[in-house]
Structures are given as C-alpha cells and as structure tokens.
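Below, each chain spelled out in residue letters.
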Amino acid sequence: ITALGHTRCTLVAHDWGGVVCWLAAAHLGPSRITRYIAMAAPHLGLSSTNMTPRQYMRSSYILLFQAPWLPEAMLLNNDAAGLANVFRGRHMGVVHRDRMSDTDIEWFKQAAQ
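Residues numbered from 1 in each chain as written. Predicted model: local features only at pLDDT ≥ 70, side-chain atom pairs only at ≥ 80, totals over all residues. Heavy atoms only, no water.

**Here we look at the pairing of strand β2 (residues 33-39)**
When strand β1 (residues 9-14) meets β2, the two strands line up parallel, connected through six bridges. Counterpart to Cys 9 in the pairing with β2 is Ile 33. For the crossover from β1 across helix α1 (residues 15-28) to β2, the handedness is right-handed. (Pairing = 2+ DSSP bridges. Helix = DSSP H or I, 4+ residues; strand = E, 2+ residues; numbered from the N terminus. Right-handed = clockwise from strand over helix to strand, strands pointing away.)

**Let's talk about α1**
The periodicity of an α-helix, 3.6 residues per turn, causes residues three or four places apart in sequence to face the same way. Look at α1: 20 Å from first C-alpha to last across 14 residues, which is about the 20 Å you get at 1.5 Å a residue. Here α1 has its buried residues at Gly 18, Val 19, Cys 21 and Ala 25. (Expected span 1.5 Å × (residues − 1). Buried < 20%, exposed > 50% of the residue type's maximum accessible area, 1.4 Å probe, protein only.)

**Regarding a nonpolar patch on the surface**
A cluster of nonpolar side chains, namely Val 12, Ile 37 and Met 39, defines an oily patch on the protein surface of about 250 Å² accessible area. Summarising the element assignment, Ile 37 is placed in strand β2. Of the residues examined, Ile 37 reaches a relative accessible area of 39% and is grouped as partly exposed. (Patch = residues over 30% accessible without salt bridge, like charges linked within 9 Å, V, L, I, M, F, W, Y side chains within 5 Å. Areas by Shrake-Rupley, 256 points an atom, 1.4 Å probe, with all protein chains shown as cover. Salt bridge = Lys/Arg side-chain N within 4 Å of Asp/Glu carboxyl O.)

**Topic: the packing of aromatic side chains**
Aromatic ring pairs: the centre-centre distance and the angle between the two ring planes describe each pair. Inspection of every chain in the model, using the stated rule, returns four aromatic pairs. Considering the side-chain rings of Tyr 61 and Phe 65, the 6.4 Å spacing of their centres and the 90 degrees angle between planes classify their relative orientation as edge-to-face. Tyr 61 gets classed as partly exposed once you look at its relative accessible area, which sits at 37%. On the basis of relative accessibility, which here comes to 41%, the residue Phe 65 falls in the partly exposed class. Note on Trp 107 and Phe 108: the rings are 5.1 Å apart at their centroids and 85 degrees apart in plane angle, and the pair reads as edge-to-face. (Phe/Tyr/Trp six-rings, centres within 6.5 Å; stacked < 30°, edge-to-face > 60°.)

**Some remarks on unusual backbone geometry**
Residues other than glycine seldom take positive phi values, yet Asp 15 does so here, at roughly 55 degrees. For Asp 15, the location among the structural elements is in helix α1. Assessed through its relative accessible area of 30%, Asp 15 is described here as partly exposed. We note that Asp 79 has phi near 55 degrees; this positive angle belongs to a residue other than glycine. With respect to the helices and strands, Asp 79 occurs in helix α4 (residues 70-88).

**Observations regarding the packing of α4 against helix α5 (residues 102-112)**
Where α4 contacts α5, the axes come no closer than 10 Å and their chain directions differ by 125 degrees. Judged by the angle between their axes, α4 and α5 are oblique. In this structure, the crossing between α4 and α5 has a hand that is right-handed. Residue-level inspection shows Leu 76, Asp 79, Ala 80, Leu 83, Ala 84, Phe 87 and Arg 88 of α4 in contact with α5, the latter providing Asp 102, Ile 105, Phe 108, Lys 109 and Ala 112. Along the lines of polarity and charge, the residues of the contact of α4 with α5 split into eight nonpolar, no polar and four charged. (Axes fitted to C-alpha atoms, helices over the stretch in contact; angles between N-to-C directions. Parallel < 35°, antiparallel > 145°, perpendicular 65-115°, else oblique. Left-handed = near helix turned anticlockwise from the far one by under 90°. Contact = heavy atoms within 4.5 Å. Nonpolar A, V, L, I, M, F, W, Y, C, P; charged D, E, K, R; others polar.)

**A closer look at the layout of surface pockets**
Quantified by volume, the largest pocket comes out at close to 600 Å³. Lining of the largest pocket is provided by 17 residues; of these, Tyr 61, Phe 65, Leu 75, Val 86 and Met 92 occupy positions nearest its centre. For the lining of the largest pocket, the leading source of residues is α4, giving nine residues. By residue class, the composition of the lining of the largest pocket is 12 nonpolar, four polar and one charged. Taken as a whole, the second largest pocket encloses approximately 270 Å³ of empty space. Lining of the second largest pocket is provided by 13 residues; of these, Trp 16, Pro 42, Met 51, Gln 55 and Ser 59 occupy positions nearest its centre. Of the residues assigned to the lining of the second largest pocket, the class counts are eight nonpolar, three polar and two charged. (1 Å grid on protein atoms, 1.4 Å probe; cavity = no way out; pocket = protein on both sides within 12 Å on 5 of 7 lines; lining within 4 Å. Points joined across faces, edges and corners; volume = space filled by probe spheres on them.)

Encoded structure:
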C-alpha cells in the first residue's frame, strides 16, 4: 500500500489469494484496509470447519506453490505452456477461453519472467 503511495486501500482477492489476504487484512486492520472483498474464498473462521476430506485433496495443489522456484519453472517451461493452460486449459481455463487473446497471454508471460 505504502509502496504505491497510499495509506489505505480496498483489498480485492480471489481463491487462495483471498485466503492470504484475509490474514493481511486482519494484520493491517481497518486503518489500512478500508474494505476487503474475497471472491471464491471462505472466511478463515469457516474454512476449516467446512473442509471435507475431498476438499482437502482438491486444495492440496496449493502446497506446490510453497516451494521456491518450482511453480515458476513449471508454469514458464516450454514457452510458458503451463501458464497458457491456466487461462485456456479445459480443466483450469477461464469459462470463455476465446476472450483470453494471445496478446493477453503474452502479457502475463512477460510479467512472470
């Protein structure tokens, strides 16, 4: 927030970013985070009570992203095919894959380098 020249913000996060930002919002408090919007992420107080064994298994991929350099290498290998798959893949891609242009994917590839 400070690095961007602000003292407060509205924080918007999605999926596992939402889980991380729950913690950031709790740590920084209302003097820094004026609003918090979590999309596709449960409240931390409910997430553990509603987790079934199946959901634990489906969420276990997040452990991969804790390893240093490995997730980046996987996503950027082979001209960032893994990164493109995040947006256009049959199982992980956006709903309307045609709305993610080659230019859009190239932007993400460059940002990830």
